[in-house]
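# Examination of the molecular architecture
Chain by chain, the residues:
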Amino acid sequence: MGDTVRLDKYLTAMGVGTRSEVKTYIRKGRVQVDGQVVKEPDIKINTTNVQVLFDNKLLQYEEFVYYMLNKPAGVVSATTDNQSTTVVELIKEGKNKDIFPVGRLDKDTEGLLLITNDGDLSHQLLSPRKHIGKVYYAKVKGCVTQEDILAFEKGIRINDEFTTLPAKLNIIKYDEISEIEVTIFEGKFHQVKRMFMAVGKEVIYLKRLSMGNLRLDETLLPGEYRRLTQGEINSLKNKG
Ligand code: URA
C-alpha cells in the first residue's frame with residue numbers, strides 16, 4: 001500500500017470486509033479516522049501514522065497475514081523466480097512478512113490463490129489426507145460428455161502412474177469448446193489438464209474458483225488481491 005490510500009481500500013486491505021461491505025460500514029458511521037467519524041469511502045488517508053477505528057476498535061497489524069489473490073495468467077506461483085513475475089511480487093504490502101502461496105497454480109492458470117505467512121494453515125490445507133475440495137472453471141476443446149462425468153466420478157487413471165480421487169464434473173456448456181466446473185480433492189501437478197487429456201480433451205483456459213470454504217471474490221480483477229476477512233480466516237481454519 002502506498003502512503004496515501006482511499007479509506008475503503010485501506011479497510012479492505014486490513015481484512016474488515018469486502019470493498020462493498022466496507023463502503024456500507026463507512027456510510028453507517030462505524031469507522032473513525034483519527035478520532036472523527038468519517039462517512040465518505042473515497043477520502044484519502046495517510047497510512048503512516050493514521051489511527052483507524054472500526055466499531056470503536058483500533059485496527060492493528062497482526063502477526064499473520066492472509067491475502068486472496070486473483071492470480072493472472074503469466075505469473076508463477078513462487079516466492080522468487082529469475083525470469084517471471086511471481087505471485088508474491090504482486091502483493092505490494094507483504095514485503096516484510098515472508099509470505100508464500102499456498103500450493104501452486106500453473107503459470108497460465110488464473111483465479112483463487114491464498115497467500116500467507118501462516119505455515120500451519122498452509123500445511124493443513126495442502127495435506128493430502130484432508131481432501132480439501134478445489135473448484136475450477138475450465139474451457140475445454142471438445143464436447144465434454146456424460147461419459148466424462150462418469151469417468152471423473154470413478155477417478156481417472158493418469159499415464160499409468162496413479163488414479164485420481166473421484167472428481168465432480170459439471171457441464172455448463174456442451175459444444176466444440178465446452179465449459180465446465182470440476183471439483184477435485186487433491187492437487188497433483190497439472191491435475192485438471194491431465195484428467196481431461198486422459199479423456200482425449202484439451203483444457204484451453206483454467207481458473208480456480210474456490211479452495212475449501214474460501215471462494216474467489218469475483219470483484220477482484222486478475223492481478224488484484226485483498227486481505228481475507230476474519231470470517232473467511234475462521235472458516236478456513238475450522239474446516240479448510
Ligand atoms: N490443475 C491444472 O492442470 N493446473 C492448475 O493450475 C491447477 C489444477
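Now for a look at the structure at hand.

Criteria and cut-off values
Every chain is numbered on its own, with residues counted from 1 as its sequence reads. Side-chain atom pairs in this predicted model are given and counted only at pLDDT of 80 or more, local residue features only at pLDDT of at least 70, and totals for whole chains, interfaces and linings cover all residues. Side-chain metrics rest on all non-hydrogen atoms present in the structure, leaving aside hydrogens and water. Two strands pair under a simple rule: DSSP has to find at least two bridges between them. Helix and strand definitions follow DSSP, with helices as H or I runs of at least four residues and strands as E runs of at least two, each counted in order from the N terminus. One side-chain nitrogen of Lys or Arg within 4 Å of one carboxyl oxygen of Asp or Glu is enough to make a salt bridge. Note on exposure labels: buried denotes an accessible area under 20% of the residue type's maximum, exposed denotes more than 50%, and partly exposed covers the range between, all computed with a 1.4 Å probe on protein chains only.

Another point: the sheet that holds strand S5 (residues 52-54). Strand order in the open sheet made by the four strands is S3-S2-S5-S6, with antiparallel pairing throughout. Looking at strand neighbours, the two that pair on one side only are strand S3 (36-37) and strand S6 (57-58), the edges of this open sheet. Bridge count for strand S2 (residues 31-33) against S5 is three bridges, and the pairing is antiparallel. Bridge assignment links valine 31 to a residue of S5, and that residue is phenylalanine 54.

We now examine unusual backbone geometry. Residues other than glycine predominantly adopt negative phi, and peptide bonds predominantly adopt the trans conformation. Even without glycine at this site, aspartate 55 takes up a positive phi of about 50°. Position of aspartate 55 among the secondary structure elements: in the loop between S5 and S6.

The next subject is the pattern of salt bridges. In the structure shown here, the tally under the stated rule is 13 salt bridges. Arginine 6 is the salt-bridge partner of aspartate 8, the closest N and O atoms lying 2.7 Å from each other. Accessibility expressed as a relative area gives 0% for aspartate 8, which makes it buried. We note a salt bridge from lysine 193 to aspartate 108, for which the minimum N-O separation is 2.7 Å. With lysine 193 in helix H5 (residues 191-198) and aspartate 108 in the loop between strand S8 (100-101) and strand S9 (110-116), the pair connects residues that are 85 residues apart, well separated along the chain.

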